[in-house]
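Coordinates in review
Listed here are the chains, written in short residue letters.
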Amino acid sequence: MIIGLGPGKEEDKQGRPFVGKAGKFLNDLLSYAGLKREEIYITNIVKCIPPNNMPTKEEIKTCTSLFLDKQIEIINPKIILCLGNIAKDYIFEKFGIENKPMNKVHGKVFRVKGKIIIPLHHPATALYRPDKKDILIQDWKNLKSQLMWWLK
Ligand code: URA
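Counting of residues starts from 1 at the beginning of each chain's written sequence and follows it residue by residue. Totals for whole chains, interfaces and linings use all residues, but because this is a predicted model, local features are given only for residues with pLDDT of at least 70 and pairs of side-chain atoms are given and counted only at 80 or more. Heavy atoms from the whole structure form the basis of all side-chain values; hydrogens and water molecules are not counted.

Some remarks on the site of the ligand
If a single non-hydrogen atom of a residue is within 4 Å of a molecule or strand, that residue counts as near it. Near the ligand, the surroundings consist of Gly4, Leu5, Gly6, Glu11, Pro17, Phe18, Asn44 and His122. Two N or O atoms form a polar contact when they lie within 3.5 Å of each other; inside protein one atom must be a possible hydrogen donor and the other a possible acceptor, and for residues adjacent in sequence the pair counts only when both atoms belong to side chains. Glycine 6 places a polar main-chain atom, nitrogen or oxygen, 3.0 Å from a nitrogen atom of the ligand. Asparagine 44 is positioned with one of its side-chain polar atoms (N or O) 2.7 Å from a nitrogen atom of the ligand. Per-residue and other accessible areas follow the Shrake-Rupley method at a 1.4 Å probe size, with only the shown protein chains counted as cover for residues. Burial of the ligand by the surrounding chains reaches 92%, relative to a free accessible area of 230 Å². The way it works is a 1 Å grid over only the protein atoms, where trapped points that fit a 1.4 Å probe form a cavity and open points with protein on both sides within 12 Å along at least five of seven lines form a pocket, and then any residue with an atom within 4 Å of a point lines it. More than half of a molecule's atoms within 2 Å of the grid points is what it takes for that molecule to sit in a cavity or pocket. Of the pockets mapped on this structure, the ligand occupies the largest pocket. Classes in brief: Ala, Val, Leu, Ile, Met, Phe, Trp, Tyr, Cys and Pro nonpolar; Asp, Glu, Lys and Arg charged; the others, Gly included, polar. The class makeup of the residues in the shell around the ligand is three nonpolar, four polar and one charged.

Let's talk about the nonpolar core
Ile2, Leu26, Leu81, Trp140 and Leu143 are the most contacted members of the largest nonpolar core, which totals 24 residues. Elements with a contribution of two residues or more to this core: helix H2 (21-32), strand S3 (79-83), strand S5 (115-120) and helix H7 (130-150). By the criteria applied, helices consist of DSSP H or I runs no shorter than four residues and strands consist of E runs no shorter than two, each listed in order from the N terminus. Sorting elements by how many residues they give to this core places H7 first, with six residues. The residues touching leucine 81, leaving out its near neighbours within four places in the chain, are Met1, Ile2, Ile3, Ile118, Leu120, Trp140 and Leu143. Membership of the second largest hydrophobic core comes to 23 residues, among which are Leu5, Val46, Ala87 and Ile91. Buried residues of nine kinds, namely Ala, Val, Leu, Ile, Met, Phe, Trp, Tyr and Cys, make up a nonpolar core once their side-chain atoms join them within 4.5 Å. Only protein chains enter the accessibility calculation, which uses a 1.4 Å probe. A residue is then buried if its area is under 20% of the maximum for its type, exposed if over 50%, and partly exposed in between. For this analysis, residues touch if any pair of their heavy atoms sits within 4.5 Å.

Comments concerning the layout of surface pockets
The rolling of a water-molecule-sized probe over the atoms marks out the regions of remaining empty space. Space inside the largest pocket adds up to approximately 700 Å³. Taken together, the elements giving at least two residues each to the lining of the largest pocket come down to helix H1 (9-14), H2, helix H4 (85-94), helix H5 (102-105) and helix H6 (123-128). In terms of residues, the lining of the largest pocket owes the most to one element, H6, which gives four residues. Approximately 280 Å³ is the volume found for the second largest pocket. Taken together, Met54, Pro55, Lys57, Ile60, Lys61, Ile86, Asp89, Tyr90, Glu93 and Lys94 form the lining of the second largest pocket. Elements with a minimum of two residues in the lining of the second largest pocket: helix H3 (57-75) and H4. Per element, the largest residue contribution to the lining of the second largest pocket is five residues, and it comes from H4. Of the residues assigned to the lining of the second largest pocket, the class counts are five nonpolar, no polar and five charged. Grid points are joined across faces, edges and corners, and a volume is the space filled by probe spheres set on the points.

Section: the side chain of histidine 106
With respect to the element layout, histidine 106 can be found in the loop between H5 and strand S4 (110-112). In this structure the side chain of histidine 106 is engaged in a polar contact, spanning 2.5 Å, whose partner is the side chain of aspartate 139. The contacts of histidine 106, once residues within four sequence positions are left out, are Pro119, Leu120, His121, Ile135 and Asp139.

Listed below in structure tokens is the structure:
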């Protein structure tokens, strides 16, 4: 399972996650990790466009308790990739992982309650912070051999 932040304009129009600019880059990242999009359940923390990409605590609470928590329960993913700070913060808290800044934990593997949880920079970060692009690509490339092992 991949968890992003929330829909952008294009995602809102189509009613599907990661189909805009960040989604195109996500497709490239998936291929670096040897993954096919159709193999993965992709969703978001919030389900409507958050103003300035910053949902309030209350919006996060509403969307996660009504939707995301149930999605996780039903899909029961073995691996959760958290894209960006908001997904990381929520999933770390939910699974009782000590929170640290993304710079310290991106690409690291946390095994909790039978799940493998990996925080990664959000793909949109690379669109406005080109210095982060190489880090992101490297993290996804590093995932490839581990994923092959876990998903066997
Ligand atoms: N960014 C996200 O976090 N989710 C999307 O679905 C699209 C862009």
